[in-house]
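Coordinates in review
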Amino acid sequence: MYMDDFKQTLVSSGFKGELDDSAEAKEKYSHDASMFELRPQLVVMPRDSKDVQTIVKLVAARKKTQPDLSLTARSAGTDMAGGAINESVIVDFNKHFTKIENVTDTEAQTQPGVFYRDFEVETLKHGALMPSYPASRDLCTVGGMVANNSGGEKSLEYGKVKDFVNELKVVFADGNEYTVKPLKGAELKKKLAQTDYEGKIYKRIYDLCEAHYDEIKAAKPHVSKNSMGYTLWEVWDRETGVFDLTKLIVGSEGTLGFVTDIKYRLVPHRPHSGLLVLFLKDINDLGELIPKVLSYKPATFECFDQATLLLTIKFMPAFLKMLGLKRFIHLLFSLIPDGAQLLHGIPKMILMVEFNGETEEEVRQKVHALHKELQPLHARYEINGFEEDPTEGKSEKFWIMRRYAFQILRKKVKDKHTAPYVDDFIVRPEFLAEFIPQLRTIIKKYKLFATIQGHIGDGNFHVIPLMKIELESERAKLEPSQKEINNLVLKYEGSLSGEHNDGLVRGPWLEAQFGKKIVGLFREVKNIFDPENIFNPHKKSDADWSYSYSHIREHF
Ligand SMILES: Cc1cc2nc3c(=O)[nH]c(=O)nc-3n(C[C@H](O)[C@H](O)[C@H](O)COP(=O)(O)OP(=O)(O)OC[C@H]3O[C@@H](n4cnc5c(N)ncnc54)[C@H](O)[C@@H]3O)c2cc1C
């Protein structure tokens, strides 16, 4: 009942956006791309930052008497961990926060609800790119990317979203909007001396970073990418004197405040690229192959396995729908030569090594050099070399399989569903030859039919089983198999999430990943920003496995 009164008060407080509590809206917003289901009571679509401030202020005012009231941001809803769903109010940024402004060749300002695909069109007009886009680049938004600290195929060379955020506007729990950017020297001193709400947040986070400086620095996972926890180790650096709160907001899953504006750093777009495709017959060869490829410093180094290949072939008609007839026919024709290659036996894994450059010649030289080095091993790898622009050339089909397989599986496999619960771990590449056979043994033990894709150059894998999770017998596999796989990752000093973040599926693993002490500091961070737990409850340090487990999706 209190929701009716909440809606009325929101409107009378000047909220200009739409409110929707229809059954259809509740159904639509109760899912993201994860295996969880949480039914909201209300969906709101703020028109501007003022609207966001109004709703945060209203929730803050009522939280004491209505503790279940909360706000969870959502943009395109492609989150694979359950980060974009909740049981109270969902704040949809995708409808109205869609302006892109002030694009230059080094920086672009954008609202969070902009689809990455539209953002890239604008940056490319300036010959520039924000290179940490995810494989879901055609589906997701730039705001979801910030909240998850996304990464993707180009992260091997460039790093993650946190490395490309110059400045954010964020609505904090007091319902006011603040500019968040790196500060040093006099500017930092002034901010720390402020006695208002903002100043207190800065001072308390600064004190926390200072008091636990060495432990915080040591907590950084020993891998090239991480999306677990709060990135405390990058906030305060005594050596550079830079204090950067954007590092906490990025990757925080909207648990510390709502992002209303983003300034992204851009890099020059290198127009030419070429791909070398390797068909791997034996996974054990990875140990020798990975360091060889990495020593050539490719722009991307991606992989997908036999199961992904076979399923994408099986679901070709779905590609037709997604790509349109012209691109689909092109895809079919370009598959013919590789069909012949497949007659030699289905490869265990397909590896894609991409080089970028300013000129065709530069790319050709890079591809040739690696090709030459691997040639003597041809009998074991089978090398398929291309030196064309992958957006037009023969290599496009590999990118399509790599980027869209999960999306197709999500929609198409009729009697089973994608169950992303070990979908994003990362271990250092030097451990992969040892790690992968053990991973496969666990997958076999639980009879999981799982596709494996990922950013092999970083050691970041997306293992996505297809299951009937509505059946108790299948659901019973989740916990023990997750435990075995996650513990294996931790044994090899990995992180349970390289990109997809914690959500409902990995939040409960924060203590296993970082230990009690650091999770205690994460709780303090949450408490400093959001003491009433207004923003996205049950995520990050507020997560709890029994809550998550009791909200696994039952209806499809
Ligand atoms: C096929 C497929 C492939 C994928 N591949 C990758 C990949 O390669 N790399 C990768 O990193 N991820 C990947 N993902 C996961 C996901 O697409 C990305 O993390 C993406 O960046 C999420 O964007 P979104 O707009 O869909 O966000 P949503 O799902 O809407 O939200 C994601 C999170 O951001 C929060 N949020 C949204 N807007 C705001 C805001 N304005 N302020 C504060 N918090 C906010 C939400 O509460 C939620 O916690 C993939 C997903 C799919 C379905």
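A short tour of the structure in this document, coming up. (Residues numbered from 1 in each chain as written. Predicted model: local features only at pLDDT ≥ 70, side-chain atom pairs only at ≥ 80, totals over all residues. Heavy atoms only, no water.)

**Some words on the packing of aromatic side chains**
All chains considered together, the criterion is met by 21 aromatic pairs. Taken together, the ring pairs in this structure connect Phe425, Phe431, Phe435, Phe461 and Tyr492 into an aromatic cluster. Taking NZ or CZ as reference, arginine 117 lies 4.1 Å from the ring centre of phenylalanine 115, over its face. Sitting over the face of the ring of tyrosine 133, arginine 137 holds its NZ or CZ atom 4.6 Å from the ring centroid. (Phe/Tyr/Trp six-rings, centres within 6.5 Å; stacked < 30°, edge-to-face > 60°. Lys NZ or Arg CZ within 6 Å of the ring centre and 35° of its normal.)

**Some points on the sheet that holds strand β2 (residues 42–45)**
Within a sheet, neighbouring strands are paired by backbone hydrogen bonds and run either parallel or antiparallel to one another. Taking strand neighbours across the sheet as the criterion, the four strands line up as β1-β2-β4-β3 in an open arrangement whose pairing is mixed. Unpaired on one side and paired on the other, β1 (18–20) and β3 (71–74) mark the two borders of the sheet. Within the sheet, the average angular offset between the axes of one strand and its neighbour, ignoring direction, is 25°. Packed on one face of the sheet, helix α1 (residues 2–12) meets β1, β2 and β4 (89–92) and runs near 10° to β2. (Pairing = 2+ DSSP bridges. Helix = DSSP H or I, 4+ residues; strand = E, 2+ residues; numbered from the N terminus. Axes fitted to C-alpha atoms, helices over the stretch in contact; angles between N-to-C directions. Contact = heavy atoms within 4.5 Å.)

**Topic: helix α22 (residues 516–529)**
A rise of 1.5 Å per residue sets the reference length of α22, with its 14 residues, at 20 Å; its end C-alpha atoms lie 20 Å apart and thus fit the reference within 8%. Tucked into the core, α22 has its buried residues touching α8 (197–211), α9 (213–218), α10 (246–249) and α21 (510–514). (Expected span 1.5 Å × (residues − 1).)

**Some thoughts on the site of the ligand**
Within the structure, the ligand sits among 35 residues, and Ala73, Ser75, Thr78, Ser136 and Thr141 are positioned closest to it. A distance of 3.0 Å separates an oxygen atom of the ligand from a polar atom in the backbone of glycine 83. Here an oxygen atom of the ligand sits 2.6 Å away from a polar atom, N or O, in the side chain of threonine 141. Summarising the interface, the protein chains cover 98% of the accessible area of the ligand, which totals 980 Å² for the free molecule. Where the shell around the ligand is concerned, the elements lending two or more residues are β3, α5 (142–148), β12 (258–265) and α17 (396–412). Top contributing element to the shell around the ligand by residue count: α5, with four residues. Grouping the constituent residues of the shell around the ligand by class yields 15 nonpolar, 16 polar and four charged. (Near = heavy atom within 4 Å. Polar contact = N/O pair within 3.5 Å; in protein donor to acceptor, adjacent residues only side chain to side chain. Areas by Shrake-Rupley, 256 points an atom, 1.4 Å probe, with all protein chains shown as cover. Nonpolar A, V, L, I, M, F, W, Y, C, P; charged D, E, K, R; others polar.)

**Points about the state of the cysteines**
One pass over the full model with this rule turns up zero disulfides. For the unlinked cysteine cysteine 303, the closest cysteine sulfur is that of cysteine 140, found at 20 Å. Exposure remark for cysteine 303: the relative accessible area of 0% places this residue in the buried category. (Disulfide = S-S within 2.5 Å. Buried < 20%, exposed > 50% of the residue type's maximum accessible area, 1.4 Å probe, protein only.)

**Quick look at the nonpolar core**
Formed by 115 residues in total, the largest nonpolar core has its most connected members in Ile205 and Tyr264. With seven residues, α22 is the largest single contributor of residues to this core. Ignoring any residue separated from it by four or fewer positions in sequence, one finds isoleucine 205 in contact with Val235, Phe243, Leu245, Leu248, Val525, Ile528 and Phe529. Of all hydrophobic cores here, the second largest spans 22 residues; its members include Met3, Leu69, Ala173 and Phe258. (Core = buried A, V, L, I, M, F, W, Y, C linked by side-chain atoms within 4.5 Å.)

**Focus on helix α4 (residues 116–124)**
All buried positions along α4 are accounted for by Tyr116, Phe119, Glu120 and Thr123. Seen from one end, α4 has its buried residues packed into an arc of 100°, which puts them on one side. Those residues of α4 hidden inside the fold are in contact with β5 (100–101), β6 (107–110), β7 (128–129), α5 and β12. (Arc of directions from axis to C-beta.)

**Section: the pattern of salt bridges**
Under the definition given, this model contains 38 salt bridges. In this structure, the salt-bridge partner of lysine 162 is glutamate 234, at a minimum N-O distance of 3.2 Å. Placement of lysine 162 in the loop between α6 (155–158) and β8 (165–171) and of glutamate 234 in the loop between α9 and β10 (236–237) is noted, with a sequence separation of 72 residues between them. Here glutamate 511 ties to lysine 516 by a salt bridge, and the two come within 3.0 Å at their closest N and O atoms. Residue classification places lysine 516 among the exposed positions, given a relative accessible area of 64%. What you see here is one network of salt bridges that share partners, running through Asp4, Lys7 and Asp21. (Salt bridge = Lys/Arg side-chain N within 4 Å of Asp/Glu carboxyl O.)

**Thoughts on the pairing of strand β20 (residues 460–467)**
Across the eight residues of β20, eight count as buried, placing the element largely inside the fold. Both faces of β20 are covered, namely the face carrying Asn460, His462, Ile464 and Leu466 and the face carrying Phe461, Val463, Pro465 and Met467. Two strands pair when backbone bridges link them, and strand β18 (residues 417–418) and β20 are joined in this way by two bridges, in the antiparallel orientation. Looking at the pairing, threonine 418 lines up with leucine 466 of β20. Where strand β19 (residues 449–455) folds back on β20, the antiparallel hairpin that results is connected by four residues, among which glycine 459 adopts a positive phi of roughly 75°.

The analysis is restricted to geometry; functional conclusions fall outside its scope.
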